Amino acid sequence: MAPEHRALPDTWPRLSKFVLSACAASVAELVTFPLDLTKTRLQIQGEAALKRIGEGGSAVPYRGMVRTAIGIVQEEGILKLWQGATPAVYRHIVYSGVRMVAYEQLRDSPLGKGEQKTFPLWKAVVGGMAAGAIGQFFASPTDLVKVQMQMEGKRRLEGKPPRLCASPDLRCVVK
């Protein structure tokens, strides 16, 4: 009797899928992170301009994505384009890994493939939504840390004191 062969993805343990999805998401995050940083800086610049207009000041003209990125490089250095990337990568490791494993777990157990051994579209949609929500729940705290780190260079340029994580429990305080 010939040994039963299963498809390769079915034999991979969930840990392998977690690691592979986390690695892929991390690479994608590192490549696109400068765009996220410049977007965040443009948003903050817009909020500051609106505040100045309300106080009778003049608005700072938007520089656009490319000019904002060039400004960050000129004012703060090229490595600042990745300031805050560490928590962003952590977020993607947690989010992508948890989401992939949760989806597979939901597909294999509670939602089940049914008697026909197929996975209907409605179950895939419900499973995907639930897995995304679970992943986001576990990953959302890192978003706050990421944005705070992205804005640290801007705080220094505005003459504000840097935030320091000097306490043993890693709570950031303004010095």
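Definitions and limits used
- Residues numbered from 1 in each chain as written.
- Predicted model: local features only at pLDDT ≥ 70, side-chain atom pairs only at ≥ 80, totals over all residues.
- Heavy atoms only, no water.
- UniProt positions renumbered as here; feature names shortened; annotations may be inferred.
- Helix = DSSP H or I, 4+ residues; strand = E, 2+ residues; numbered from the N terminus.
- Buried < 20%, exposed > 50% of the residue type's maximum accessible area, 1.4 Å probe, protein only.
- Areas by Shrake-Rupley, 256 points an atom, 1.4 Å probe, with all protein chains shown as cover.
- Salt bridge = Lys/Arg side-chain N within 4 Å of Asp/Glu carboxyl O.
- Core = buried A, V, L, I, M, F, W, Y, C linked by side-chain atoms within 4.5 Å.
- Contact = heavy atoms within 4.5 Å.
- Bend = angle between axes of the 7 residues up to and from the residue.
- Phe/Tyr/Trp six-rings, centres within 6.5 Å; stacked < 30°, edge-to-face > 60°.
- Lys NZ or Arg CZ within 6 Å of the ring centre and 35° of its normal.

An unreviewed UniProt entry annotates the protein chain as Mitochondrial uncoupling protein 4 of Engystomops pustulosus. Per UniProt, the protein chain carries the Sequence similarities (unreviewed entry) text "Belongs to the mitochondrial carrier (TC 2.A.29) family."

Each helix and strand counted, the protein chain has six helices and two strands in total. Expressed as a percentage of its 175 residues, the buried residues of the protein chain come to 30%. As displayed, the protein chain offers around 11700 Å² of accessible surface, 67% of which is attributable to carbon and sulfur atoms.

Another aspect to go through is the pattern of salt bridges. For the coordinates displayed, the defined rule picks out three salt bridges. Of the charged contacts, one joins Glu 104 and Lys 17 as a salt bridge, the two residues approaching to 2.9 Å between their closest N and O atoms. With Glu 104 in helix H4 (residues 85–108) and Lys 17 in helix H2 (residues 14–54), this pair connects stretches of sequence that are 87 residues apart. Note on accessibility: Glu 104 and Lys 17 belong to one class, buried.

The next thing to look at is the nonpolar core. Nonpolar side chains in soluble globular proteins tend to be buried together. The biggest cluster of nonpolar side chains holds six residues, and these are Phe 33, Leu 37, Ile 72, Leu 81, Ala 85 and Ala 88. The set of elements that each furnish at least two residues to this core consists of H2 and H4. Ignoring anything within four residues of it in the chain, the contact list for Leu 37 reads Ile 72, Lys 80, Leu 81, Gln 83 and Gln 150.

The largest bend in helix H5 (residues 121–150) comes to about 45°, at Ala 139, with the proline Pro 141 one to four residues further on. The complete set of buried residues in H5 reads Lys 123, Gly 127, Ala 131, Gly 132, Gly 135, Ala 139, Thr 142, Lys 146 and Gln 150.

So, about the packing of aromatic side chains. Note on aromatic pairs: each is described by the distance of the centres and the angle between the planes. Applying the stated criterion across every chain yields a total of one aromatic pair. Arranged with centres 5.3 Å apart and planes meeting at 80°, the rings of Phe 137 and Phe 138 form a pair that is edge-to-face. Sitting above the plane of the Tyr 95 ring, Arg 91 keeps its charged end 4.8 Å from the centroid.

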